[in-house]
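Coordinates in review
Listed here are the chains, written in short residue letters.
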Amino acid sequence: MARLGCLVWSGLVLFGALYIFQALALTSYMVRNIDTAYWVFIPLFLPALIFLSCFGCFLPKVMHEKAVRYVWFVWFLYTIVLVPAVAIIFTKAVPELSTSDTFGPNVLKTMLCITPVLLILLLNVTISPPNRRFIERVSTSTALDLFDSIEMLAIILEQKQFKEGSFELDSSIETAIIVFVCISLFISPFALFQNKVRYGEVTVRKKTMLVRTSIQVFLVNLTFLVMRFIVWFHYDYDASIFITKNIISIVISGIEISSVFGYFNCGIDNNETFNV
């Protein structure tokens, strides 16, 4: 089913607007606490947009195979800037934030929540509607993982919402949260890369899928699960909802690996392909 060019353009314009808006906002957090000018950070966010444009993804005919094949690299160029930005903001800027600030903790959390939206927009404007199952699978699982990471960072930001001394994380816990969230963000492009596009079909790169999923299980979901139990029982911070999400993700990841390698005959069909 052919898509209307105006809808593609609308999605791309929205993607570009949100991307630039987030880039400016995150940069403002960094420059406020680091003696560096805006122009040093802003260009770092440009390669992803430039690469997207070079491969014809800013045209209504974005459903062609080359555009889809390199979507993961667009997201990779974005994340390699997002990861250090998050690290800088949460180590340098967040300790100085106050709820009375215009760009306070809540605004920062909102800016970070733009990231999953960007991913969903990117996939929906570069992959044609007949491949709805592929879009839904990749965008839903990866977006949930991104929201999971943002919620971990929100634990740090929540300290700003309580009276001083009533909820204060140990510095080692804060550092661990930031490190493992950065790992989670960094591996998100490989959730796209593990899907190989060739001759109009999408198949799974099994080795890439195994490595990425293993990292996702042990260095993200399992680690997040442990840290959430710590902040729940030691700091009395309710993290029960995402604890459940982490447990479910670990189980589903195990089923996916088993299915792709033919050890478990349910879930994902190891011969499943999608037309592009």
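Just so it is clear, the structure is predicted and the values come from calculations on it, not from any experiment. (Residues numbered from 1 in each chain as written. Predicted model: local features only at pLDDT ≥ 70, side-chain atom pairs only at ≥ 80, totals over all residues. Heavy atoms only, no water.)

What to know about the overall build of the protein
When helices and strands are counted, the protein shows 11 helices and three strands. Walking the protein from its N terminus toward its C terminus, one meets helices and strands in the order α-α-α-α-α-α-α-α-α-β-β-α-α-β. Among the 276 residues that make up the protein, the fraction classed as buried is 47%. Within the protein, contacts between residues at least 6 apart in sequence are counted, and of these 72% link residues at least 24 apart. Only carbon and sulfur atoms are counted for the fraction: they give 66% of the accessible area of the protein, which is about 13,400 Å². (Helix = DSSP H or I, 4+ residues; strand = E, 2+ residues; numbered from the N terminus. Buried < 20%, exposed > 50% of the residue type's maximum accessible area, 1.4 Å probe, protein only. Contact = heavy atoms within 4.5 Å. Areas by Shrake-Rupley, 256 points an atom, 1.4 Å probe, with all protein chains shown as cover.)

A word on unusual backbone geometry
Even without a glycine there, the phi angle at aspartate 236 is positive, about 60 degrees. Assignment of secondary structure puts aspartate 236 in the loop between α10 (206–235) and α11 (240–260). By relative accessible area, which is 68% here, aspartate 236 ends up exposed.

Re the packing of helix α9 (residues 171–193) against α10
Put simply, α9 and α10 touch, their axes get as near as 10 Å, and they point 150 degrees apart. Of the possible angle classes, the one that applies to α9 and α10 is roughly antiparallel. Relative to α10, α9 is oriented so that their crossing is left-handed. For the pair formed by α9 and α10, the contact residues are Ile173, Ala176, Ile177, Phe180, Val181, Ile183, Ser184, Ile187, Phe190, Ala191 and Phe193 on the first element and Thr208, Arg212, Ile215, Gln216, Leu219, Val220, Thr223, Phe224, Met227, Ile230, Val231 and Tyr235 on the second. Among the residues forming the contact of α9 with α10, the class breakdown is 18 nonpolar, four polar and one charged. (Axes fitted to C-alpha atoms, helices over the stretch in contact; angles between N-to-C directions. Parallel < 35°, antiparallel > 145°, perpendicular 65-115°, else oblique. Left-handed = near helix turned anticlockwise from the far one by under 90°. Nonpolar A, V, L, I, M, F, W, Y, C, P; charged D, E, K, R; others polar.)

Some points on the environment of threonine 142
Relative to the helices and strands, threonine 142 is located in helix α8 (residues 132–158). For the pair threonine 142 and leucine 185, spaced 43 residues apart in sequence, the C-alpha to C-alpha distance is 9.8 Å. Setting aside chain neighbours within four positions, we find threonine 142 in contact with Leu119, Ser188 and Ala191.

Some details on the side chain of threonine 223
Relative to the helices and strands, threonine 223 resides in helix α10. Within the structure, the side chain of threonine 223 is placed 2.9 Å from the backbone oxygen of phenylalanine 218, a separation counted as a polar contact. Non-local contacts of threonine 223, meaning those with residues more than four positions away in its chain, are made with Phe180 and Phe218. (Polar contact = N/O pair within 3.5 Å; in protein donor to acceptor, adjacent residues only side chain to side chain.)

So, the packing of helix α6 (residues 105–112) against helix α7 (residues 114–126)
Their axes nearest at 4 Å, the elements α6 and α7 cross at an angle of 15 degrees. Taken together, the axes of α6 and α7 lie roughly parallel to each other. Counting all contacts with α6, which are made through Thr110, Met111 and Leu112, the residues of α7 involved are Ile114, Thr115 and Pro116. By residue class, the composition of the contact of α6 with α7 is four nonpolar, two polar and no charged.

A closer look at the pattern of salt bridges
Any two side chains of opposite charge can pair, so long as their charged atoms come close to each other. Following the criterion strictly, the structure yields five salt bridges and no others. When the shortest N-O distance is used, the salt bridge between lysine 245 and aspartate 145 registers 2.9 Å. Of this pair, lysine 245 sits in helix α11 while aspartate 145 sits in helix α8, placing them 100 residues apart in sequence. There is no split in this pair, since lysine 245 and aspartate 145 are both buried. For lysine 245, the salt bridge goes to aspartate 148, with nearest N and O atoms at 3.0 Å. In this pair, lysine 245 sits in helix α11 while aspartate 148 sits in helix α8, placing the two residues 97 residues apart along the sequence. You'll find lysine 245 and aspartate 148 in the same group, each marked buried. Beyond isolated ion pairs, a larger network of salt bridges with shared partners links Asp145, Asp148, Glu151, Arg228 and Lys245. (Salt bridge = Lys/Arg side-chain N within 4 Å of Asp/Glu carboxyl O.)

Details of the confidence of the model for the protein
Mean pLDDT for the protein: 81, with 79% of residues reaching 70 or above. When pLDDT is averaged over each element of the protein, α9 comes out on top at 94 and strand β3 (residues 274–275) at the bottom at 40. Here residues 267–276 is a poorly scored stretch, pLDDT under 50, and it has 33 contacts once near neighbours within four places are set aside; other chains count. (pLDDT = per-residue confidence, 0-100.)

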